[in-house]
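Residue-level structural notes
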Amino acid sequence: MAILVIPARHGSRRLPGKPLLSATGRPLILHVVERARSARTVDRVVVATDDERIADAVRDGGGEAMLSTAAHDCGTSRVAEVAESFPDETYFVNLQGDEPEIDPADIDLLVDVLESSGAPVATLAAPIAHAADLADPAIVKVVTNGDGDALYFSRAPIPFDRDGEGAFLPLHHLGIYAFRRDALLRFRELGASPLERTEKLEQLRALEDGMRIRVATVKAAPPGIDTMDAYEAFVARWKSKA
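Starting from 1, residues in each chain are numbered consecutively following that chain's sequence as written. Per-residue local features are limited, in this predicted model, to residues with pLDDT of at least 70; the limit for side-chain atom pairs, both in listing and counting, is 80 or more; totals at the level of whole chains, interfaces and linings are taken over all residues. Side-chain descriptors were evaluated using all non-hydrogen atoms of the structure, hydrogens and water having been removed beforehand.

Let's talk about unusual backbone geometry
The criterion, for reference: Counting from the N terminus, the helices are the DSSP runs of H or I reaching at least four residues and the strands are the DSSP runs of E reaching at least two.
Residues Ile158 and Pro159 are joined by a peptide bond in cis, for which omega reads -10°. Mapped onto the secondary structure, Pro159 falls in the loop between strand 7 (150–154) and strand 8 (171–180). The phi angle at Lys200 is positive, at roughly 60°, despite the residue not being glycine. Relative to the assigned elements, Lys200 resides in the loop between helix 6 (194–199) and helix 7 (203–208).

As structure tokens, then:
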């Protein structure tokens, strides 16, 4: 079983106050908590935030929140701070707070793969949905070796198809990770790496350190929320099911 941590900030550059958007009648962050609680491999869900408003909203909705320092360079570092409070736990999942439609079965797959592979880190990816996604820097790409371990993550279209044969396509990386506790704490100690700073992708810190990242493939990427248009589309989908 794992502890799932949802790092949440109020000051999103693209959509400030995103965790507290409440057009469905409850804050977005609580939708994510609900999905995470449905995973069979998760026995505790904790929202880690440096904002009292977010912590209060989570607690008012029956969730668990921990206040963390504001001095974190990425979400995984915030998750590592939470892990220090649970010295007897082995597995920790980092789920972004803008994934209200994550499939709980995908979380279960992630934790199962981390445990079975022996890797220090595991993550998820899905097939590229549209050809245009290859050139979209908002869609993070990952290529793997024959065992399913990550070779590289990039915002660029990788690998370069020199002859135009389309023989190898990357996968669309999903922003969810599972860590063994020691790897998670080491990740924070390392600090941002050169490739991480270049691509603005925190997972490259682990690769540059030589950590093995096992990549499990799921059917499709859930529609994350980065803009108000994306949030309004989520609200429309949610209301259609209510």
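There is more to say after this.
Topic: the packing of aromatic side chains
The following threshold applies: Any two rings among Phe, Tyr and Trp, with Trp reduced to its six-membered ring, count as a pair given centres within 6.5 Å; such a pair is stacked if its planes are under 30 degrees apart, edge-to-face if over 60, and tilted if neither. Under the scheme applied here, a residue whose accessible area is under 20% of the maximum for its type counts as buried, over 50% as exposed, and between as partly exposed, the area being computed with a 1.4 Å probe on protein chains only.
One pass over the full model with this rule turns up three aromatic pairs. Ring geometry for Phe179 and Phe187: centres 5.9 Å apart, planes at 70°, overall edge-to-face. With respect to class, Phe179 is no different from Phe187; both count as buried. On the numbers, 6.2 Å between centres and 45° between planes, the contact of Tyr231 with Phe234 is tilted.

Some details on the pairing of strand 3 (residues 64–67)
The condition is simple: Strand pairing requires that DSSP identify at least two bridges connecting the strands. Here, the term right-handed applies to a crossover whose path from the first strand over the helix to the second runs clockwise when the strands point away from the viewer.
The pairing of strand 2 (residues 42–49) with strand 3 spans four bridges and is classified as parallel. Bridge pairing in strand 3 links Val46 to Glu64. You can see the chain leave strand 2, run along helix 2 (residues 52–60) and come back into strand 3, and the turn it takes is right-handed.

Section: the pairing of strand 7
Pairing of strand 6 (residues 141–144) with strand 7, which is carried by four bridges, proceeds in the antiparallel orientation. Each residue of the ladder has a partner; that of Lys141, found in strand 7, is Ser154. Where strand 6 folds back on strand 7, the antiparallel hairpin that results is connected by five residues, among which Gly148 adopts a positive phi of roughly 90°.

Quick word on the nonpolar core
The condition is simple: Only buried residues count toward a nonpolar core. Its members are Ala, Val, Leu, Ile, Met, Phe, Trp, Tyr and Cys residues joined through side-chain atoms within 4.5 Å. Contacts between residues were defined by any pair of non-hydrogen atoms, one from each residue, lying within 4.5 Å.
Leu4, Ile6, Val47, Val93, Leu95, Ile107 and Ile176 are the most contacted members of the largest nonpolar core, which totals 34 residues. Put simply, the parts of the chain that give this core at least two residues each are strand 1 (2–8), helix 1 (28–37), strand 2, helix 2, strand 4 (91–95), helix 4 (104–117), strand 5 (121–127) and strand 8. Those residues in contact with Ile107 that lie beyond four places of it in its chain are Leu4, Ala36, Ala39, Thr41, Val42, Leu95, Ile102 and Ile176. One finds Val5, Ala83, Leu184 and Ala206 within the second-largest nonpolar core, a separate group that totals 31 residues.

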